[in-house]
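# Report on the structure
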Amino acid sequence: MNFDQLIHQPPGLHQLRRMAAADRLPHANLLLSAPGTGGLPAALAIANLLLCENRQGEGGDTACGSCRACRKTKGYVHPDFHFAFPTVGSKMTSDPFLPQWREALQERPYLEANDWLQRIGAENKQGNITREACANIIKKLNLKIFEGRYKIMLIWLPEYLGNEGNRLLKMIEEPPENTVFFLVAERSELILNTILSRCQLTKLSPPTDEEIVAGLGQVGIDPAAAAAAARLADGNFNVARALADGDSVNHGERFLAWMRVCFQGSAAKLTDWTDDFAKLGRENQKHFLRYALHFWREFLLLSVTDNAAGRVRLPENELASARKMLPLVSHEQLADISEILSECMEHVERNANPRILFLDAGIRLHQIFRQPRPAVGTGSA
């Protein structure tokens, strides 16, 4: 991937690009960005520049796109460019999934964990980067450079390393000559501090709505559909494209159904909803919870601004439901609701039983909804 294929280039990326062009890039780089906002494509573009045999542009900051290295990097088959990413299985490495990985990068480089794990058939299984994967990383980086000036290891979502990341500390701190690490992360709090301390951190800001619209236009999305999708995506290009394509899971409808059941407090309905939801699989459950937290953030904005200037990022039907809920949910209740959802996210990541977890959450949400508290806004239920 070249820089001109990125939908945006935030300031942090400009700095990395200049350092790469001058061959002064640190050997261990952590790129931190929100899901679907461009951390992975940015790392691919920098790696392409490092490996290019005939750099162009001012100061050599642009890959030529036509040399032997660029052709191989374009297909993600360069022998000096290695990948590690979450897989499923207690002893699995990334290598068996490389064909699917290359296909995913070609189709949607603004990839998210949920999409990737579903692509490789994770279903109810948690993704992880295993002990065997760490050993494979070390083995590959101890090999000699085959063709280029650099040997590059891109670890996508090092959050999935867990404590196994300790196995990579020495390699990250003292890699072989001309070896460069790119760790592309979304949540730095889930990464071992011993790894964080050995990397140069670069935070990448998300694209603007205008940049997302332009990016969607490059893949043939109608401008009106692109604008509507960008408005709802909150900087996440992957979500925007899914919305524009119309193939995303409708978490909004499922979420509102859950809220209605929680408000009513029917034990039978709550049990039925929970049983159905538990069949989704853990990755989809996490995706749902991210949406739920998004809804309540937008609800808070609606309560304060009444959607002045159209800043609330919710579809019309969900926005209408949010307006009806304004007299029913106070700021204090909203804080308690968000805390429950955040706890659910943490427990899902730790393999909690989804039926027990979400039935308990539903009961607690019902208790919150029934608390007599001042409303955050006005409107009719």
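Residues numbered from 1 in each chain as written. Predicted model: local features only at pLDDT ≥ 70, side-chain atom pairs only at ≥ 80, totals over all residues. Heavy atoms only, no water.

## Overview of the overall build of the chain
Looking only at helices and strands, the chain has 17 helices and five strands in total. Against the compact-globule benchmark of 21 Å for 381 residues, the chain has a radius of gyration of 23 Å, which places it among compact chains. If you line up the chain on its principal axes, its C-alpha atoms span 65 × 45 × 35 Å. For the chain, the proportion of its 381 residues judged to be buried stands at 50%. (Helix = DSSP H or I, 4+ residues; strand = E, 2+ residues; numbered from the N terminus. Rg over C-alpha atoms; globule rule 2.2 N^0.38 Å. Buried < 20%, exposed > 50% of the residue type's maximum accessible area, 1.4 Å probe, protein only.)

## Observations concerning the state of the cysteines
Applying the stated criterion across every chain, the model contains zero disulfides. Of all cysteine sulfurs in the structure, the one in Cys 344 sits closest to Cys 262, which takes part in no disulfide; the separation is 9.9 Å. Among the residues examined, Cys 344 registers a relative accessible area of 2% and is labelled buried. (Disulfide = S-S within 2.5 Å.)

## Structural notes on the environment of His 251
The topology assignment puts His 251 in helix α12 (residues 251–264). Looking at His 251, the relative accessible area reads 5%, which means it is buried. Each C-alpha atom of the pair His 251 and Ser 33 lies 23 Å from the other, and the pair is 218 residues apart in sequence. Among residues more than four places away in sequence, those in contact with His 251 are Asn 284, His 287, Phe 288 and Tyr 291. (Contact = heavy atoms within 4.5 Å.)

## Looking at the sheet that holds strand β3 (residues 151–156)
With parallel pairing, five strands are arranged side by side in an open sheet as β2-β3-β4-β1-β5. At either end of the open sheet lies a strand with only one pairing partner, and these are β2 (81–84) and β5 (200–203). With strand direction ignored, the average angle separating the axes of adjacent strands in the sheet is 20 degrees. Two elements, β3 and strand β4 (residues 179–185), share six bridges in a ladder whose sense is parallel. Opposite Lys 151, over in β4, you have Thr 179 as the bridge partner. (Pairing = 2+ DSSP bridges. Axes fitted to C-alpha atoms, helices over the stretch in contact; angles between N-to-C directions.)

## Points about the side chain of Gln 285
Topologically, Gln 285 is positioned in helix α14 (residues 282–305). Note on Gln 285: relative accessible area 1%, which makes it buried.

## So, the pattern of salt bridges
What the rule picks out here adds up to 18 salt bridges. When the shortest N-O distance is used, the salt bridge between Lys 72 and Glu 147 registers 2.6 Å. Of this pair, Lys 72 sits in helix α3 (residues 68–74) while Glu 147 is found in the loop between α6 (131–141) and β3, placing the two residues 75 residues apart along the sequence. Classification of Lys 72 as partly exposed rests on a relative accessible area of 25%. Between Asp 275 and Arg 355 there is a salt bridge whose closest N-O contact spans 3.3 Å. Note that Asp 275 is positioned in helix α13 (residues 267–277) and Arg 355 in helix α17 (residues 354–369), a separation of 80 residues in sequence. According to the relative accessible area criterion, Asp 275 is partly exposed, its value standing at 30%. The exposure class of Arg 355 is partly exposed, given its relative accessible area of 41%. Because the salt bridges share partners, they merge into one network encompassing Glu 53, Arg 68, Lys 72 and Glu 147. (Salt bridge = Lys/Arg side-chain N within 4 Å of Asp/Glu carboxyl O.)

## Things to note about helix α4 (residues 98–107)
Burial in α4 covers these residues: Leu 98, Trp 101, Ala 104 and Leu 105. Seen end-on, α4 carries its buried residues on one side only, within an arc spanning 120 degrees. If you follow the buried residues of α4, they end up packed against α2 (39–51), β2, α5 (113–119) and β3. (Arc of directions from axis to C-beta.)

## Some details on the packing of aromatic side chains
Under the counting rule described, the total for this entry stands at 22 aromatic pairs. Measuring from centroid to centroid gives 4.5 Å for Phe 81 and Phe 83, while their planes differ by 40 degrees, and the two rings are tilted. You can call Phe 81 buried: its relative accessible area is 5%. By relative accessible area, Phe 83 is classed as buried at 5%. (Phe/Tyr/Trp six-rings, centres within 6.5 Å; stacked < 30°, edge-to-face > 60°.)

## Structural notes on the environment of Val 180
Take Val 180: it is sitting in strand β4. For Val 180 and Leu 154, which are 26 residues apart along the polypeptide, the C-alpha to C-alpha distance reads 8.5 Å. Not counting residues up to four positions away in its chain, the partners in contact with Val 180 are Leu 25, Pro 26, His 27, Asn 29, Leu 50, Tyr 150, Lys 151, Ile 152 and Met 153.

## Observations concerning the packing of helix α1 (residues 11–21) against α2
Running from amino to carboxyl end, α1 crosses α2 at an angle of 15 degrees, the nearest separation of the two axes being 9 Å. The angle between α1 and α2 places the two elements in the roughly parallel class. Relative to α2, the crossing made by α1 is right-handed. On α2, the residues touching Leu 13, Leu 16, Arg 17, Ala 20 and Ala 21 of α1 are Ala 42, Ile 46, Leu 49 and Leu 50. Of the residues belonging to the contact of α1 with α2, the class tally is eight nonpolar, no polar and one charged. (Parallel < 35°, antiparallel > 145°, perpendicular 65-115°, else oblique. Left-handed = near helix turned anticlockwise from the far one by under 90°. Nonpolar A, V, L, I, M, F, W, Y, C, P; charged D, E, K, R; others polar.)

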